[in-house]
Amino acid sequence: MTSSKTGTSREPFTDLPTICQTRGDREMVELAEQSGLSPNAAEAVATIDAVMHKMRRSIQRREFGRQVMAQMDPSLDVSHLDAVSAIAHKGEEIAEVTVGLVAERLGIDPSRASRVTSDLVERGYALRVASQQDARRICLELTEKGANFVEAIRRNKVQLFTRALAQWNEHELMVFAALFERFSNWATDENGAARSAENIRRLLDEAESKPKETADAK
């Protein structure tokens, strides 16, 4: 394989277990090379971008979750699944779960969270209880049905990962986990969005100034 821009040969890496089946956009490859990456690295970046795009579309549509919920309990949707998980995960610092906390965890407004949790209570997945810290406050807990549901979801997730990664050896799994965590840091960087916005503005300014510079030169 050669670069469409430079013609540089891309030597295969014999230590890689497989060759990527996904091919990134050629323009992305060329932009990556212009940024200083080697041809192989540019191909890898374009592939990562393409794979992330496929995953992002699937996650946004929540197709898998919707299909599962439709088979298990047609009266529920993925928002109910998310709410059940939010109620289940109390954590060490959180002893009680309120509707407000569910809203915060799911990134929805309190009124929406109230409707979703009410559905769970009505269908027997959760119940309302008085707070042990403040009797005036109402908290949420899972019923046995809800707890069994969460446990089944967790076990299924592990089984999905196990099947998907069945052909990976221990070394590959450990390396992937470490690299995946390192890669995700850019998305969780609090200052990353501000830097990206500033960089995009700079690139736009550069693009807008080019026609003017060309006209002035004429």
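That block above? That's the structure.
Calculation criteria
- Residues numbered from 1 in each chain as written.
- Predicted model: local features only at pLDDT ≥ 70, side-chain atom pairs only at ≥ 80, totals over all residues.
- Heavy atoms only, no water.
- Helix = DSSP H or I, 4+ residues; strand = E, 2+ residues; numbered from the N terminus.
- Buried < 20%, exposed > 50% of the residue type's maximum accessible area, 1.4 Å probe, protein only.
- Contact = heavy atoms within 4.5 Å.
- Areas by Shrake-Rupley, 256 points an atom, 1.4 Å probe, with all protein chains shown as cover.
- Patch = residues over 30% accessible without salt bridge, like charges linked within 9 Å, V, L, I, M, F, W, Y side chains within 5 Å.
- Salt bridge = Lys/Arg side-chain N within 4 Å of Asp/Glu carboxyl O.
- Expected span 1.5 Å × (residues − 1).
- Core = buried A, V, L, I, M, F, W, Y, C linked by side-chain atoms within 4.5 Å.
- 1 Å grid on protein atoms, 1.4 Å probe; cavity = no way out; pocket = protein on both sides within 12 Å on 5 of 7 lines; lining within 4 Å.
- Points joined across faces, edges and corners; volume = space filled by probe spheres on them.
- Nonpolar A, V, L, I, M, F, W, Y, C, P; charged D, E, K, R; others polar.
- Axes fitted to C-alpha atoms, helices over the stretch in contact; angles between N-to-C directions.
- Left-handed = near helix turned anticlockwise from the far one by under 90°.
- Parallel < 35°, antiparallel > 145°, perpendicular 65-115°, else oblique.

Peer 1: Would you take a moment to explain the overall build of the protein chain for this structure?
Peer 2: Secondary structure assignment for the protein chain yields 9 helices and 2 strands. Across the protein chain, helices and strands are ordered from the amino to the carboxyl terminus as α-α-α-α-α-α-β-β-α-α-α. Across the 218 residues in the protein chain, those meeting the buried criterion constitute 21%. The contacts of the protein chain with a sequence gap of at least 6 include a subset with a gap of at least 24, amounting to 45%. When the accessible surface of the protein chain is split by element, carbon and sulfur atoms take 55% of a total near 16100 Å².

Peer 1: Sorry, what's going on with a nonpolar patch on the surface here?
Peer 2: A cluster of nonpolar side chains, Ile48, Trp168, Leu173, Phe176, Phe180, Phe183 and Trp186, forms an exposed patch at the surface whose accessible area comes to about 680 Å². Looking at which element gives the most residues to the nonpolar patch, the answer is helix α8 (residues 170–188), with 5 residues. By the element assignment, Ile48 lies in helix α2 (residues 39–61). The class for Ile48 is partly exposed, based on a relative accessible area of 39%.

Peer 1: Where do I start with the environment of Val29 in this structure?
Peer 2: Relative to the helices and strands, Val29 resides in helix α1 (residues 26–34). Between the alpha carbons of Val29 and Glu43 there is a distance of 5.6 Å; along the sequence they are 14 residues apart.

Peer 1: Can you help me understand helix α7 (residues 144–164) in this one?
Peer 2: Every α-helical turn comprises 3.6 residues, leaving residues that sit three or four positions apart pointing alike. Between its first and last C-alpha atoms α7 spans 30 Å; for 21 residues at 1.5 Å apiece the expected length is 30 Å, and the two agree. Against α3 (63–72), α4 (78–88) and β2 (138–142) lie the buried residues of α7.

Peer 1: What's the story with the nonpolar core in this structure? I'm lost.
Peer 2: A general trend in soluble globular proteins is that nonpolar side chains are found buried together. If you look at the biggest cluster of nonpolar residues, it comprises 19 residues, and the most contacted ones within it are Ile87, Val102, Leu120 and Phe149. Where this core is concerned, the elements lending two or more residues are α4, α5 (99–106), α6 (110–122) and α7. In terms of residues, this core owes the most to one element, α4, which gives 5 residues. Once residues lying within four places of it in the same chain are set aside, the contact partners of Leu120 are Leu76, His80, Ala83, Val84, Ile87, Tyr125 and Ala126.

Peer 1: Would you explain the layout of surface pockets in this entry?
Peer 2: Remark: the empty space left among the atoms is shown by a probe the size of a water molecule rolled over them. Considered as a void within the structure, the second largest pocket measures approximately 290 Å³ in volume. Taken together, Met28, Leu31, Ala32, Ser35, Leu37, Val45, Ile48, Asp49, Met52, Arg56 and Phe183 form the lining of the second largest pocket. Mapped by element, the contributors of at least two residues to the lining of the second largest pocket are α1 and α2. With 5 residues, α2 is the single largest residue contributor to the lining of the second largest pocket. Taken together, the residues of the lining of the second largest pocket break down into 8 nonpolar, 1 polar and 2 charged.

Peer 1: Looking at this model, I keep getting lost on the environment of Ala46. Mind explaining?
Peer 2: For Ala46, the location among the structural elements is in helix α2. Ignoring sequence-local partners within four residues, the contact set of Ala46 consists of Gly24, Asp25, Met28 and Val29.

Peer 1: So what exactly am I meant to see when it comes to the packing of α4 against α5 here?
Peer 2: For any two helices packed against each other, the geometry comes down to the angle between their axes and how far apart the axes lie. One way to put it is that α4 packs onto α5 with a least axis distance of 9 Å and a crossing angle of 115°. The two elements α4 and α5 cross, and the hand of that crossing is right-handed. On the side of α4, the interface is formed by Ser79, Asp82, Ala83, Ala86 and Ile87, while α5 contributes Val102, Arg105 and Leu106. In terms of residue class, the contact of α4 with α5 is made up of 5 nonpolar, 1 polar and 2 charged.

Peer 1: How should the packing of α4 against α7 be read in this particular structure?
Peer 2: Two numbers describe how α4 lies on α7: the axes approach to 10 Å, and their chain directions differ by 100°. Relative to α7, the element α4 is oriented roughly perpendicular. Along its contact with α4, which presents Leu81, Val84 and Ala88, the element α7 presents Gly146, Phe149, Val150, Ile153 and Arg154. For the contact of α4 with α7, the per-class residue count stands at 6 nonpolar, 1 polar and 1 charged.

Peer 1: Hey, could you run me through the pattern of salt bridges in this one?
Peer 2: Pairs may arise between side chains of opposite charge once their charged atoms sit close together. Counted according to the given criterion, the structure contains 5 salt bridges. Arg26 is the salt-bridge partner of Glu43, the closest N and O atoms lying 3.0 Å from each other. Here the residue Glu43 occupies a position in helix α2, and Arg26 occupies one in helix α1, the gap between them amounting to 17 residues. What makes Glu43 buried here is its relative accessible area of 10%. Relative accessible area serves as the criterion here: at 34%, Arg26 is assigned to the partly exposed category.

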